[in-house]
Amino acid sequence: MSVYEVGLRLRGKTVLVVGGGSIAGRRVPRLLAAGARVRLVAPEATTTLADYAAAGELRWERREWRPGDGADAWFVLAATDDPAVNARVAAEAEADRTWCVRADDAEASDAWTLAQAGFDGVSVAVSASGDPRRAAAVRDAVAAALRTGDLGAPRTRTAPRAGVALVGAGPGDADLITLRGLELLRQAQVVVSDRLAPQELLDMLGDDVEIVDAAKLPYGRHTTQEQINAVMVDRALAGKFVVRLKGGDGFVFGRGAEELDACVEAGVPVEVVPGLSSSIAGPAAAGIPVTERGVVHDFTVATGHVPPGPQSKVDWAALGAGNGTVVLLMAVKNRGPIAAALIAGGRSPDAPVRIVENATTKNQTVRECVLSDLGDTEAHHPAVIVIGDVAARARTLPGAGRGR
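Remember, predicted model here, so these are calculated numbers, not experimental data. (Residues numbered from 1 in each chain as written. Predicted model: local features only at pLDDT ≥ 70, side-chain atom pairs only at ≥ 80, totals over all residues. Heavy atoms only, no water.)

(A) Molecular detail of the side chain of Asp249. Within the fold, Asp249 resides in the loop between strand E11 (241-246) and helix H8 (256-266). In this structure, Asp249 is buried with no salt-bridge partner, the nearest side chain bearing the opposite charge being Lys246 at 8.7 Å. At 2.9 Å, the side chain of Asp249 and the backbone nitrogen of Gly275 are in polar contact. (Helix = DSSP H or I, 4+ residues; strand = E, 2+ residues; numbered from the N terminus. Buried < 20%, exposed > 50% of the residue type's maximum accessible area, 1.4 Å probe, protein only. Lys, Arg positive; Asp, Glu negative; His and termini not counted. Salt bridge = Lys/Arg side-chain N within 4 Å of Asp/Glu carboxyl O. Polar contact = N/O pair within 3.5 Å; in protein donor to acceptor, adjacent residues only side chain to side chain.)

(B) Representation of the layout of surface pockets within the structure. The calculated volume of the second largest pocket comes to roughly 950 Å³. As for the second largest pocket, its lining consists of 28 residues, of which Val6, Leu8, Trp112, Thr113 and Leu114 are closest to the centre. Among the elements that line the lining of the second largest pocket, the one with the most residues is helix H1 (residues 22-33), at 4 residues. A class-by-class count of the residues in the lining of the second largest pocket yields 17 nonpolar, 6 polar and 5 charged. (1 Å grid on protein atoms, 1.4 Å probe; cavity = no way out; pocket = protein on both sides within 12 Å on 5 of 7 lines; lining within 4 Å. Points joined across faces, edges and corners; volume = space filled by probe spheres on them. Nonpolar A, V, L, I, M, F, W, Y, C, P; charged D, E, K, R; others polar.)

(C) Expanded view of empty space enclosed by the protein. The final tally for this structure, using the stated rule, is 1 cavity of 30 Å³ or more. What lines the largest cavity is simply Leu16, Trp65, Gly70, Val76, Val89, Glu92, Ala93, Asp96 and Thr98. At 3 residues, the largest contribution of residues to the lining of the largest cavity is made by helix H3 (residues 83-95).

(D) Summary view of the pattern of salt bridges. Applying the stated rule across the entire model yields 19 salt bridges. Arg63 is the partner of Asp69 in a salt bridge, and the nearest nitrogen-oxygen pair spans 2.8 Å. In terms of burial, Asp69 and Arg63 fall into one category: buried. The partner of Glu271 in a salt bridge is Arg180, with the nearest N and O atoms 2.9 Å apart. Separated by 91 residues along the polypeptide, Glu271 in strand E12 (residues 270-273) and Arg180 in helix H5 (residues 179-187) bring together distant segments of the chain. Since its relative accessible area comes to 21%, Glu271 is described here as partly exposed. A residue is classified by how much of its surface remains accessible, and Arg180, at 35% relative accessible area, is partly exposed. One salt-bridge network, held together by shared partners, links Arg39, Arg59, Glu61, Arg63, Asp69 and Asp72.

Here is the structure:
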């Protein structure tokens, strides 16, 4: 079946969707993302479609299709579970010279919805002579090659934008960066990177990308935050696009707010891309849920880089008195005093503890102890310490650690 692939700009144009089942549920989000004014005609609809209607993102007429429903439509999707209805919808669209996709019968349809994926401004749509599984497989392969850089797609008509992106790279494994973070990293002309950011991500950058090492080794040499801010702002004001790449999420004990303020105060365009925080992802990678129904209903994430005492802003007594999960970041050096403070506050000395080192990577290690022994139990940076009943319920995951 020969087709002529074309892209439709549907912004502001009415699209009629007949049928409210799972197929419509998959197609409508793409139509809305394209800016179409979706009119849904169906007596019933999926929860997702109903939510779109409740939010005013589409118009839902709760009834069966009637002749004339597509009179004002630029495009029609016939997606009911009744082939006879779909045939009548398509026939009316044909008479009105309106393109119509029949979701139930590709051979009887004069228009197809192609298998589509997008990355970094590139949209890929694949047809495979009416074989949707084959089209999806090719689409997925092309999309994966774009994301990894195996398939190059250099920009030739637009200059890179100037500004800063604050990108959280996730807890350790390079694959756990978000698609948006990876997209912006590929556009970067300057990357200011921390030690805990996955170093594999830097290997994919071109030789012309300036990489600034802003590593902050715990209790050792460091680059001041002011220097980091100055590098980002200066490069951006010079017309460069800068990515500040950090492990975990930059707004969870990562000074992301200070970097955001520096950009805003300097008038530099800035985008924040959240990352998967190691405070939750680290325990999860070790099979430890920070909350679990019937076990614990709250958790607290605290930094341990300052020991309990006048300089710490953490209410260790309150955490000790509670029964929720306590997750500690940057607490390896001060784990002994912290354990003592929690016990003094009322937490049981026998409270289960798990120490997850190098979470999500091939070097992931999990150590267990009770709270009273935390100070004497071996632990190394980077580590996430989990205290509470959920720690005792840790699961052994086959192939734990995702690093290649």
